[in-house]
Amino acid sequence: MARFTGRDIFHILILFSAVWILVLFVQLENCSGGMGNASERKTDRMKRALDSKEREINYLRNQLNSLDKHHHVPGLPTIYIITPTYTRLVQKAELTRLATVFKSVPNIHWIVVEDAQVKSPLVTKFLRSTGLNTTHLLSVTPPEVKLKEQDPNWLKPRGVLQRNTGLSWLRANLNADYHHGVVYFADDDNTYSTELFQEMRHTKVVSVWPVGLVGKLRYEAPIITNGKVTDWHTLWYRKERKFAMDMAGFAVNLRLILENSLAKFDITAKRGFQETGLLQSLGVTLSDLEPKAKMCTEVLVWHTRTEPAVIKNEDKMPANGYEQSDPNVEV
């Protein structure tokens, strides 16, 4: 049986729509020679149908162009992006921001790991709609180590088990002899430029770069001397952390991940030591680090956070004679 790619299907749909436009155009020509109101009404209907089909073809062309942007490029290393996520009002908005960037980058495999017992319809539907190569996984954070709503975000480590689940999936499904690429941990509340992914794509061991708006500084970054990382531009645990950088500030060669099956993040690690713990378990040394982003002088990722959504006015709507927002509308 013949197999059709997504691109083939779009081409077929465009062809069918074009044939319909041709048929409608012929019928419109025949109608234009008629007389009377009935003929005019039929002509109007045909013109509206013709306009509708033209809009449909334009839409299909745009979808085809979008598909072309993030199709697989043979020979180009794949970037495996692991993103922990959890249910909250801004979740779809956060994921949409990431997907918009990822669609402009070829050879992306986005591994999204929900902190949940079952896959949520919102994330399932959203990932399907992106057209990206995605894997949807689950990993539940135990209540005793999970942040409560009133807790500050630094009190307990977040996304640790979800990132480890992503690493486990890579080891279970990929082979270092056949799969080549890089692994990056992209939290859903950060902001990423497309250039960042081109910088990391050919990582040999571990590549590093600055991260903006983090550590209560304008940016944190590796300090480079003679082309090598020698120190860290940060205030927080600068001397105590061997790799004093943010989760968004490094990428790891896929082979290194696959060949070190026990390497993972430690949920008991002290605040700020997740990155150091993983890289040490991979056997990485300071001399292994590859400075990117113009020798770590350019910021291509920002540690932004969306403010928690405030919807307290929903409760005030009925008292003022208005209906509350429809809970069936997906935000």
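Above this text sits the structure in question.
Residues numbered from 1 in each chain as written. Predicted model: local features only at pLDDT ≥ 70, side-chain atom pairs only at ≥ 80, totals over all residues. Heavy atoms only, no water.

A look at helix α5 (residues 160–173)
Argument step 1. The terminal C-alpha atoms of α5, which comprises 14 residues, lie 20 Å apart, in line with the 20 Å expected from a rise of 1.5 Å per residue.
Argument step 2. Listed as buried for α5 are Val 160, Gln 162, Arg 163, Asn 164, Gly 166, Leu 167, Trp 169 and Leu 170.
Argument step 3. The secondary structure elements touched by the buried residues of α5 are β1 (78–85), β2 (108–114), β3 (133–138), β4 (181–185), α7 (254–259) and α8 (274–281). (Helix = DSSP H or I, 4+ residues; strand = E, 2+ residues; numbered from the N terminus. Expected span 1.5 Å × (residues − 1). Buried < 20%, exposed > 50% of the residue type's maximum accessible area, 1.4 Å probe, protein only. Contact = heavy atoms within 4.5 Å.)

A short note on the sheet that holds β4
Through backbone hydrogen bonds, the strands of a sheet pair up, either in parallel or in antiparallel fashion.
Argument step 1. The strand order across the open sheet formed by seven strands is β3-β2-β1-β4-β10-β6-β11, and the pairing between neighbours is mixed. The strands lining the two open edges of the sheet, one partner per strand, are β3 and β11 (289–291). Going across the sheet, the axis of each strand differs from the next one's by a mean of 25°, ignoring polarity.
Argument step 2. With three bridges joining them, strand β6 (residues 206–208) and β11 adopt parallel strand pairing. Counted as the bridge partner of Ser 207 is Glu 290 from β11. (Pairing = 2+ DSSP bridges. Axes fitted to C-alpha atoms, helices over the stretch in contact; angles between N-to-C directions.)

Here's the deal with the pattern of salt bridges
Argument step 1. Taken as a whole and judged by the stated rule, the model has nine salt bridges.
Argument step 2. Arg 88 is paired through a salt bridge with Glu 94; the nearest N and O atoms lie 3.8 Å apart. Neither Arg 88 nor Glu 94 differs from the other in exposure class; each is buried. (Salt bridge = Lys/Arg side-chain N within 4 Å of Asp/Glu carboxyl O.)

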